[in-house]
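Fold and contact review
What follows is each chain in one-letter form.
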Amino acid sequence: MKELEFDVVIHLVGGQTIPNYIAVKLSEAKRHILVVTDETSRQFDILMHAFKERGDGFVEKVIVPATDYKAIRQILGEKDFPGQSVAVNITGGTKPMSTAALDLCREHKFVPFYIDTNRRLIQ
């Protein structure tokens, strides 16, 4: 899918696995970073099982606090992507995670996107 061709895609993980699974499958990326909380960390394990054939480095886990905007922003801001095209899947996660991710997108010109599983759209 041409509109989802990036070097790296950052995914905010919520309580549902399917939106992130779809986003990973639809994204033409060499690397996927799943941003989880302690509560949604299990989703990472489920997704890793689904993508284990892709090998090491394909999926990476980053743990953030669920509601601490400043800490989330700091943790996400520590990632470095020199010369790489980056997208952020804001479909899942908490509201503070989405806000921090959108601020990161504005600051670094990353591309945010949302998957509407009901209407089968990428926005």
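Before reading further, recall that the structure is shown in the block above.
Here goes a summary of the coordinates provided. (Residues numbered from 1 in each chain as written. Predicted model: local features only at pLDDT ≥ 70, side-chain atom pairs only at ≥ 80, totals over all residues. Heavy atoms only, no water.)

**Regarding the side chain of Gln43**
Along the polypeptide, Gln43 turns up in helix α2 (residues 41-50). If we ignore the near neighbours within four places in the chain, the residues touching Gln43 are Val13, Gly14, Gly15, Gln16 and Thr17. (Helix = DSSP H or I, 4+ residues; strand = E, 2+ residues; numbered from the N terminus. Contact = heavy atoms within 4.5 Å.)

**Focus: the nonpolar core**
Grouped together as the largest cluster of nonpolar side chains are 19 residues, with contacts concentrated most on Ile10, Ile33, Val35, Phe81, Val88 and Phe110. Among the elements that make up this core, the one with the highest residue count is helix α4 (residues 95-108) (five residues). In this structure Phe110 touches Phe81, Val86, Val88, Leu104 and Cys105, once residues within four positions along its chain are discounted. Within the second largest apolar cluster, nine residues are counted, among which are Val24, Phe44, Leu47 and Val59. (Core = buried A, V, L, I, M, F, W, Y, C linked by side-chain atoms within 4.5 Å. Buried < 20%, exposed > 50% of the residue type's maximum accessible area, 1.4 Å probe, protein only.)

**Some words on α2**
Residues of α2 that are buried include every one of Ser41, Gln43, Phe44 and Leu47, and no others. One side of α2 carries all its buried residues, which in axial view fall inside an arc of 145°. Turned more than 90 degrees off the buried face of α2, the exposed positions are Arg42 and His49. Buried positions along α2 lie against α1 (18-26), β2 (31-36) and β3 (59-63). (Arc of directions from axis to C-beta.)

**Some points on the packing of aromatic side chains**
Enumeration according to the criterion identifies one aromatic pair in this entry. Between Phe81 and Phe110 the ring centres are 5.8 Å apart and the planes differ by 75°, which places this aromatic pair in the edge-to-face class. Linking Phe81 in the loop between α3 (69-77) and β4 (86-89) with Phe110 in the loop between α4 and β5 (111-113), this pair joins segments that are 29 residues apart in sequence. The buried category is assigned to Phe81, whose relative accessible area is 8%. On the basis of relative accessibility, which here comes to 11%, the residue Phe110 falls in the buried class. (Phe/Tyr/Trp six-rings, centres within 6.5 Å; stacked < 30°, edge-to-face > 60°.)

**What to know about the pattern of salt bridges**
Inspection of every chain in the model, using the stated rule, returns five salt bridges. With a closest N to O distance of 2.9 Å, Glu60 and Arg31 form a salt bridge. In this pair, Glu60 sits in strand β3 while Arg31 sits in strand β2, placing the two residues 29 residues apart along the sequence. Judged by its relative accessible area of 22%, Glu60 is partly exposed. On the basis of relative accessible area, Arg31 is assigned to the partly exposed category, the value being 22%. One salt bridge in this structure joins Glu107 and Arg73, with 2.1 Å as the shortest N-O distance. One end of the pair, Glu107, is in helix α4; the other, Arg73, is in helix α3, and 34 residues separate them in sequence. Salt bridges linked by common partners bring Arg31, Glu60 and Lys79 together as one network. (Salt bridge = Lys/Arg side-chain N within 4 Å of Asp/Glu carboxyl O.)

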